Amino acid sequence: MTNRGKYKHYIEIYEIKTGTEENRLGEKIETEVKVKSLFACVETRVGGLLTGRPADTVMTTVTHKISWDYNNFPEILPDKHIIKYQNHTFDVNYSLDDGFKHEELQVFVTEKV
């Protein structure tokens, strides 16, 4: 059983979809559509965590870990979703269902600057 009290940050999950409008080059414009709002735990992953790792690992770009109850939004994909929290936007790097317990989904993200 996870500590549900730690989910105190209100986040929004957006799905990137190809719209119907076209730009000047005739390409379809991608739009962000909000698919879910929920409470989550937001933890920073910058600083000493990155030292001593090979430069090409995925962890070198991770700035935060965002976790929530697995059943609230069980499938999040790097190419398809972004997360917004307090005027910050995060790209999804990967997600982890630790031990396949379906209790908590941990999502490792990189903040867009």
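Everything below is about the structure printed above this text.
Caption draft 1: Focus on the pattern of salt bridges. Counted according to the given criterion, the structure contains eight salt bridges. Here E22 and K28 are joined by a salt bridge, their closest N and O atoms 3.7 Å apart. Under the relative-accessibility criterion, K28 is labelled partly exposed at 46%. A salt bridge links R45 to E43, with the nearest nitrogen and oxygen atoms 3.4 Å apart. What you see here is one network of salt bridges that share partners, running through E43, R45 and K65.

Caption draft 2: Region of interest: the packing of aromatic side chains. Applying the stated criterion to the full structure yields two aromatic pairs. Both rings, one in Y94 and one in F108, keep their centres 4.8 Å apart while their planes meet at 20 degrees; by these two values the pair is stacked. Residue Y94 is found in strand β5 (residues 88-96), and its partner F108 is found in strand β6 (residues 104-111); the two are separated by 14 residues along the sequence. F108 sits in the buried class, given a relative accessible area of 8%. The side chain of K84 reaches across the aromatic face of Y14, ending 4.6 Å from its centre.

Cut-offs applied
- Residues numbered from 1 in each chain as written.
- Predicted model: local features only at pLDDT ≥ 70, side-chain atom pairs only at ≥ 80, totals over all residues.
- Heavy atoms only, no water.
- Salt bridge = Lys/Arg side-chain N within 4 Å of Asp/Glu carboxyl O.
- Buried < 20%, exposed > 50% of the residue type's maximum accessible area, 1.4 Å probe, protein only.
- Phe/Tyr/Trp six-rings, centres within 6.5 Å; stacked < 30°, edge-to-face > 60°.
- Helix = DSSP H or I, 4+ residues; strand = E, 2+ residues; numbered from the N terminus.
- Lys NZ or Arg CZ within 6 Å of the ring centre and 35° of its normal.

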